[in-house]
Amino acid sequence: MKEFFYKYKYLLLAFSISIIANFRWLSLSIFTSSDHGFYFLDTLKEFSLFNAWSALGMGSVNVLIWRIIAGPDSLMYGLFGNLGLDSNVSDKFLVIWPWIVLSGVVSYFFVRNITKSEIGGIVGACVFSFNTYFLSSNRAGHLLLSVAFIFATLSFFLFMKFLKERKISLACLTSLSLFITASYDFRSLYIVFGILFFYSIYHLIVVNEILEYKKIIKDTLVMSSPIILFCALSIFWVLVSLNTGTLAENSILNRSLFGNSFWNIQNTFTLFHPFWSGSAISWFVVHDIPFYFWLIPIFAYLGLILNRKNREVVFFGIISLIGIFLAKQVGEPFHSTYPWLYEHFPGFNAFREASKFYFLVIISYSVLIASFVNWLWENWTSGRIKVFSKYLITGVILFIFLWNTKPIITGEIDSMFIPRHIPQGYLILKDFILKQPEYFRTLWVPRDSRWSIYTGQKPKISSIAVTDSEWKKLVENNNEDIKLVQNRITNVFRLPFADKLFDVSSIKYVVVPLQDIENSDDFFADYGGDKNPNIRQWYIDQLDNISWLKKIDIGTKDLVVYENKGYKEPILAFTELYNFNSLDNLDSKYSFINKNLGSDFYFTGIDKNANKSPLVKITNPFENLAMSGIISDGNYLVAITSSTEGRSNDMLYIHKKSLSFFGADTGKEIQINANNGGILKLKSQSINSADTQNIFSISKVPHTQYYLQQGSELTAFIKGNTIDIADSTMDSKVAILADSANLIRNPSFEDGTWQDKVGDCNNFDANPVLGMSLSSDVASEGKQALQLEATRHNACTTTKIAIPDFGKYILTFDYQSSNAKQASFYLAFNDKEKTVVPDTAKITDAEWSTYRRFINVPYGATSATLYVYAEAVDNKTNIINRYDNFSFSKLRAVREVNIPKQTIGEYSKNSLPKSNDTSLIFTYEDKNFDYENTIDNGSFEEGTWQEKVGDCNNHDKNPILRMSLNTEEKSDGAQALQLGATRHNACLSKGLKVNSGGHYLFSFDYQSPNADHAGYYLGFNDKDKTIISERLTLKDKSWHTFIKNIKVPEGATVVSLFVYADATDGKTNILNRYDNFKIIEVPDLSDAYYLVSDPGIKLEKPKSITFDLINPTKKLVHIKGATTPFYVAMSESYHPQWQLQFDNAKIHGVFNSWTPFVKPERVGDEYHYKLNDFLNAWYVDTEAYCVNNSLCVKNADGSYDIEMVIEFFPQRWFYLGLLISGTTLLGCIGYLGYDGIKRLRRKGDKKYEKNN
Amino acid sequence: MKKIINKKWWMSLLRLIQKDITTKKKRGVVLLLVVALIWFYLGMNAGLLWALFLSFALYQWENRIIGVLALATLVSCPFLLSFKQDALAEQMAVYAYYFLVMTVVLQIMELRREGGDEGSGVIQQTRKPGRSKPWLGPREG
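Residues numbered from 1 in each chain as written. Chains lettered and ligands numbered in written order. Predicted model: local features only at pLDDT ≥ 70, side-chain atom pairs only at ≥ 80, totals over all residues. Heavy atoms only, no water.

What is the right way to read the packing of helix 5 (residues 87-115) of chain A against helix 8 (residues 143-165) of chain A from this model?
Between two packed helices, both the angle of their axes relative to each other and the distance between the axes serve to describe the pair. All names here are of chain A. Between helix 5 and helix 8, whose axes approach to 9 Å, the crossing angle comes to 30 degrees. Between helix 5 and helix 8, the angle falls in the class roughly parallel. In terms of crossing hand, the pair formed by helix 5 and helix 8 is left-handed. Of the residues in helix 8, those in contact with Val95, Ile96, Pro98, Trp99, Leu102, Ser103, Val106, Phe109, Phe110, Asn113 and Ile114 of helix 5 are Leu143, Leu144, Ser146, Val147, Ile150, Phe151, Thr153, Leu154, Phe156, Phe157 and Met160. (Axes fitted to C-alpha atoms, helices over the stretch in contact; angles between N-to-C directions. Helix = DSSP H or I, 4+ residues; strand = E, 2+ residues; numbered from the N terminus. Parallel < 35°, antiparallel > 145°, perpendicular 65-115°, else oblique. Left-handed = near helix turned anticlockwise from the far one by under 90°. Contact = heavy atoms within 4.5 Å.)

In structure tokens, the structure reads:
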């Protein structure tokens, strides 16, 4: 025993340090944090049946099918679940304890093998186990990755041994170790493959010095043998991934590069994780590198220099430099290499941030530092100073790494190192959910908790996840304010068809989780809680208002649970499936179908089989209007829709609400009129007619200004112009008001200025530069206008107004400037409260504009003082503001006019003229629209919109931005705008006048040689400051056209348009080019017309449809009493490889039941639809399958019974792969067993020979 | 360390470098041409770094000199950071990286030329006998 301890003292030391450092993890308590979750045994049990399809959430291809040993959805976790153990136990055996035991032991053997030194081994083990990368990673719950890197190290160790000894057993062990590495985290396998590749080449060329190509080929084949074995072991998931296409593209690989600002060469050199604080870690907060961390690279490279003749040490020098280069991401040097590799190198896009490459630095520093220590211990053996220094340096090295364990030992690091406890409410909910036998889903708002129960029969859905994936298209078009995540989450509940969506998604319960602060799991902070401390209550309040959800009491107040009574079974039959030409305006389409066609809301989007039976095609001809559809010369719109083959009963539904109201000033009269919009024509033949009716009119009194009041909005009647009355005003009143005598003396400055001298309204020092004059060349009324100038301080002038009475008044004035951003005034009353009314008006161009505002004059006020300003900006520019034509007068009500209620959602049904043409050409004429482009100089033919490029991210004083006109790269005219940004974001803006509530078609062309996105921003000046902005992804260098329908918010009169070039790494000049901007006002025809093309087939549901859920990839469907064709829906995410098969001999039997080489009788792919844009549906044609092919059982009443199977076909490839992988695994284990016995026998023989 | 402060040692080193440059003129011409091209296309920094690397590669000078240069630049980083010279520290780290790349490449070249040891970690064992000039690599006759 003593001998054993002495022999393995360093190994035992490495092991002991690991145990001490991680002593908190030795208990069976629950340790969970961020990415490392907790799973009840009911959840775990199902993982043992691992499949190509994951039933979690709405269902998806199992992209983590390779994860069979560890991880939340792995086979081994499933086995623990079947033993009746929750994940706190499986975690210990499969992840946490392997880390504690193996991190020190594997790295010790690995480093000792290279340095041939015990002290080297212990130093290497400390470097490997206690560096800030692994400790930070473990703290964040990324333990699978850490353990994977241990097995990656073991794989490399075995591979090195294999290359030396060339034994089959070592090849087997290497492949098994690689297989385990992959099953923990696939990215670590990618990195270790890179190391093995480089080592093989290095071994061939530098170590073995082989230059003969025949020998190189032979050696390469030998070296490849562990890799070939590994491939055979992994074939079970490779076949599935190839078959489903997830190997090349999946949610993990499709993420964009992240965290460029976190990583740099200094951090990677010093092996310092940027978020490491030496205490509790704040993720994404970068810390300074402590001084002593710089000793790490110095010791490491001293090891390299001192051991330069050691080929293996030199190899680790190479690996360290590769690691540093990659782990710095976009840091210098060669900052653009990582993004290039990310875009172009196969598999590299699994590394959206570079931290995983720290492993290369860790493994190489372990060897290099150990080599340095080993050199010291071998060379500094004599002399007191040398011996002392040797101990001191070794101690310093060990201290640097062991000191990192302090926050773990003390517990101050928190997160994964603190035991957690399941709140009682989740246990009650678990029992409540699991006791119900039927299939349903639970939706968690805003997202699921780590304690949320789920099984294959009771999947859980995170509200934010489903809103951003399966439901994204359905929600996006209806979202009013998707910028706020909480709105994005709750808006889905307010969709008119939300209950239908929840029903078809089989969501029975909606749960609001706890703000679990005790367990450090308050994720509400990420979903609106950062600004609203009562965000959970806000979510509950929102859900309380949803009529189709009923709050229920499950016996706990911790969780708030709502029941959706109308939820549907996961497999059902239905009869009408609508096909839309776009998924925009789904609210209107739902309303149309609900009120006019009277059936359930089942639909498909753009489908290649849309023109075929049996879909009911619903087309809104003007919904996706292109710019080419606007004929501005003839003032009409053109839309071409394809006619449906063989259908003669197409109907056009015309919305009855198409009356629009407007006010008009004819010069003699003030009128309120209504018209029914424009004229719709099909091939020049009118389908409806335009008509204007007068609702009210009144004769004008001379010299009186009339106003139309809609709610709080006030608009002046101007002769010849019309005022649109907003739809929101329907069934309410508008008022016509008139002004009275102007109370401002000298309102147009025809008698001079109001005061002799200009006032200084910001006299913070004694150096004002101000001016006031009368401008005679620029005036909006009369001969002259007031001109205020300010270079320093603010210029102002004032006039007194005598107030006859309190009440409602109107203040109007005209303002103009060629260089000021705003015109402002300040009105102060002399009432007791000293009421003041300040306001500013934005200036968007050099034209005169008119400001109008209601003013409620307070009781007791007898006079008011009006100030107007010119405000200095930079102490250099002479800001000039001009004012004219002031008016302040009391308003009197002339008349209130009732606007009648419109019938919303009702349509008239119209037959279309008979025609043999395959395309229908609709035109729409509306004399109220001229279809002129609102943007002047939209193609930049007259130069840029502004003289200087804007800085839209001025976080410091060092922008590097450019703006120019490019005559070579353009999409329209002779030149295009080119914005360049190296630091900060370049932007260009333009202010545009728009009509409140108007609809516009906005389009522009964009291109870039090096940006990954273009961007625009539209900011309106309405009360809510509505914003529409988007980042438009760029994947090539060609020009693209962006087009969007925009509804101007009520009350908005001006929109600011911005376009951008966003800097990336502070070094590359990102160029974005824009051209051909158009904003054209168009009539709102989003729900005006629907062309319904019905196949004319009467469908009926079968008498009954029942099902058995065999596993996530297989469901048996029993259909009884089908008399006509019908649709079958399945509530799993759409995937083209889901098949609806007939349950017969073709898929039964020893082989046919699992091999992928069968050809089952099934519903054709042309009748497999993406139901509601995210689920599966099939059209079962009883005529074709039952009558013609006898695949059904005919009943006495003539109806049919059909036995069917819904199968995810790639599962069969999984079975085949499993057979190959399993055989290889058994072969490897068998050989290792045989080899082991052989060795033992040989050892026994030797012992026997020795003893005799 | 004693050698570094020994004037004679420096003089002998300089003489050897001078001798290399004057006796191996062809290499010098190649070096100058390549460096000039790099300087012209990639700038002064790249030119100087390549000049350093190629002269060590072509004249087979001791790669540890560049290794020490790398360590010196690395050592400067924490001091520069403590004086808030972050940009300069970043630049020095980049230079350290370049020097280390040079060191490793020169080491591999040396291993290919001279052979080495596999994992003993004892460099004295593999050092070839008869090398009297510790700061210079094997000489051509």
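So much for the structure itself; the text now carries on.
Sorry if this is basic, but what is going on with the state of the cysteines here?
Note: disulfide means a covalent bond formed between the sulfur atoms of two cysteine side chains. All names here are of chain A. Within this structure, the stated rule accounts for 3 disulfides over all chains. One disulfide bridge connects Cys761 with Cys796, the sulfur atoms lying 1.9 Å from each other. Measuring handedness by torsion sign, the sulfur bridge of Cys761 and Cys796 sits at about 70 degrees and is right-handed. Here Cys761 is found in the loop between strand 24 (759-760) and strand 25 (769-775), whereas its partner Cys796 is found in strand 27 (residues 794-802), with 35 residues between them in sequence. With a sulfur-sulfur separation of 1.9 Å, Cys1186 is cross-linked through a disulfide to Cys1192. As the torsion about the S-S bond is roughly -75 degrees, the Cys1186-Cys1192 disulfide counts as left-handed. Residue Cys1192 is classed as buried on the basis of its relative accessible area of 14%. (Disulfide = S-S within 2.5 Å. Buried < 20%, exposed > 50% of the residue type's maximum accessible area, 1.4 Å probe, protein only.)

Which parts of the structure should I look at to understand the interface of chain B and chain A?
In many reports, interface size means the accessible area that the parts give up when they come together. Taken residue by residue, the interface counts 42 residues in chain B and 43 residues in chain A. The interface formed by chain B and chain A includes 3 salt bridges. Here Arg308 of chain A makes a salt bridge to Glu110 of chain B, at a shortest N to O gap of 3.7 Å. Along the contact surface separating chain B from chain A lie 6 residue pairs in polar contact (both at pLDDT 80 or more). Elements with a minimum of two residues in the side of chain B that touches chain A: helix 4 (64-82), helix 5 (86-114) and helix 6 (123-126) of chain B. The element that contributes the greatest number of residues to the side of chain B that touches chain A is helix 5 of chain B, accounting for 17 residues. Per-class residue counts for the side of chain B that touches chain A are 21 nonpolar, 10 polar and 11 charged. (Salt bridge = Lys/Arg side-chain N within 4 Å of Asp/Glu carboxyl O. Polar contact = N/O pair within 3.5 Å; in protein donor to acceptor, adjacent residues only side chain to side chain. Nonpolar A, V, L, I, M, F, W, Y, C, P; charged D, E, K, R; others polar.)

Please clarify how unusual backbone geometry should be interpreted in this entry.
Excluding glycine, most residues fall at negative phi; most peptide bonds, likewise, are trans. All names here are of chain A. Residue Pro333 is bonded to the preceding Glu332 through a cis peptide linkage, with omega at 0 degrees. Looking at the secondary structure, you find Pro333 in the loop between helix 14 (311-327) and helix 15 (337-344). Along the chain, Val445 connects to Pro446 via a cis peptide bond; the corresponding omega equals 5 degrees. Mapping Pro446 onto the fold places it in the loop between strand 3 (441-444) and strand 4 (460-462). Non-glycine residue Phe749 carries a positive phi angle of around 60 degrees. Its location among the elements puts Phe749 in the loop between strand 23 (732-739) and strand 24. Assessed through its relative accessible area of 0%, Phe749 is described here as buried. Not every positive phi belongs to a glycine, and Ser1190 is a case in point at roughly 50 degrees. With respect to the helices and strands, Ser1190 occurs in the loop between helix 26 (1182-1188) and strand 53 (1193-1194). Accessibility expressed as a relative area gives 55% for Ser1190, which makes it exposed.

I keep staring at the sheet that holds strand 6 (residues 550-552) of chain A and nothing clicks. Help me out?
Within a sheet, each strand pairs with its neighbour through backbone hydrogen bonds, oriented either parallel or antiparallel. Residue and element names in this part refer to chain A. The strand order 4-3-5-7-6 describes an open sheet built from 5 strands, whose pairing is mixed. Strands with a single pairing partner mark the edges of an open sheet, and in this sheet they are strand 4 and strand 6. Ignoring strand direction, the axes of neighbouring strands in this sheet form an average angle of 30 degrees. Both strand 3 and strand 4 contribute to a ladder of 3 bridges, which runs parallel. Considered in strand 4, the bridge of Leu443 is made with Ile461. Seen against the sheet, helix 24 (residues 535-544) touches strand 5 (507-512), strand 6 and strand 7 (560-563) and runs at an angle of roughly 20 degrees to strand 7. (Pairing = 2+ DSSP bridges.)

Help me understand a nonpolar patch on the surface in this model?
Residue and element names in this part refer to chain B. On the surface, Leu37, Phe40, Tyr41, Leu42 and Trp50 cluster together into a nonpolar patch covering about 660 Å² of accessible area. Among the elements that line the nonpolar patch, the one with the most residues is helix 2 (residues 25-42), at 4 residues. We classify Phe40 as exposed; its relative accessible area is 64%. (Patch = residues over 30% accessible without salt bridge, like charges linked within 9 Å, V, L, I, M, F, W, Y side chains within 5 Å. Areas by Shrake-Rupley, 256 points an atom, 1.4 Å probe, with all protein chains shown as cover.)

Whenever I open this one, the pattern of salt bridges confuses me. Can you help?
Between side chains of opposite charge, a pair can form when the charged atoms approach closely. All names here are of chain A. By the definition in use, this model includes 35 salt bridges over all chains. The partner of Arg187 in a salt bridge is Asp185, with the nearest N and O atoms 2.9 Å apart. A salt bridge links Arg983 to Asp956, with the shortest nitrogen-to-oxygen separation between them at 2.9 Å. You can see Arg983 sitting in strand 38 (residues 976-983) and its partner Asp956 sitting in the loop between strand 36 (950-951) and strand 37 (960-966), a full 27 residues away along the chain. By relative accessible area, which is 24% here, Arg983 ends up partly exposed. Overall, Asp956 belongs to the partly exposed group, its relative accessible area being 27%.

Can you walk me through the nonpolar core in this structure?
If you look at soluble globular proteins, the nonpolar side chains tend to sit buried side by side. Counting 198 residues, the largest nonpolar core has Phe156, Phe269, Tyr301 and Tyr365 of chain A as its most contacted members. When residues in this core are grouped by element, the largest group, 16 residues, is from helix 8 of chain A. Those residues in contact with Tyr301 of chain A that sit more than four places away from it in its chain are Phe269, Ser320, Leu321, Ile324, Tyr365 and Leu368 of chain A together with Leu71, Leu74 and Leu100 of chain B. In terms of nonpolar packing, the next biggest core, distinct from the first, is built from 64 residues, Val466, Val475, Ile593 and Ile618 of chain A among them. (Core = buried A, V, L, I, M, F, W, Y, C linked by side-chain atoms within 4.5 Å.)

Got a minute to help me understand the packing of aromatic side chains in this structure?
The description of an aromatic ring pair rests on the distance of the ring centres and on the angle between the ring planes. All names here are of chain A. The final tally for this structure, using the stated rule, is 128 aromatic pairs over all chains. Measuring from centroid to centroid gives 5.1 Å for Trp945 and Phe1077, while their planes differ by 65 degrees, and the two rings are edge-to-face. Of this pair, Trp945 sits in the loop between strand 35 (919-925) and strand 36 while Phe1077 sits in strand 45 (residues 1070-1082), and the two are 132 residues apart along the sequence. Residue Phe1077 is classed as buried on the basis of its relative accessible area, which comes to 1%. One aromatic cluster in this structure is built from Trp99, Phe128, Tyr133, Phe134, Phe149, Phe258, Phe262, Trp263, Phe275, Phe284, Tyr358 and Phe359. Between the NZ or CZ atom of Lys390 and the centre of the ring of Tyr391, over which it lies, the distance is 5.3 Å. (Phe/Tyr/Trp six-rings, centres within 6.5 Å; stacked < 30°, edge-to-face > 60°. Lys NZ or Arg CZ within 6 Å of the ring centre and 35° of its normal.)

Any chance you could explain helix 27 (residues 1210-1251) of chain A here in plain terms?
Three or four residues apart is the spacing at which side chains of an α-helix point the same way, because the helix has 3.6 residues per turn. All names here are of chain A. For helix 27, built from 42 residues, the straight-helix expectation of 62 Å at 1.5 Å per residue is met to within 8% by its first-to-last C-alpha distance of 60 Å. Of all the residues in helix 27, the buried ones are Pro1210, Gln1211, Arg1212, Phe1214, Leu1216, Gly1217, Ser1221, Thr1224, Cys1228 and Asp1235. Looking at the packing, one finds that the buried side of helix 27 touches helix 9 (168-184), helix 11 (213-244) and strand 54 (1200-1208). (Expected span 1.5 Å × (residues − 1).)

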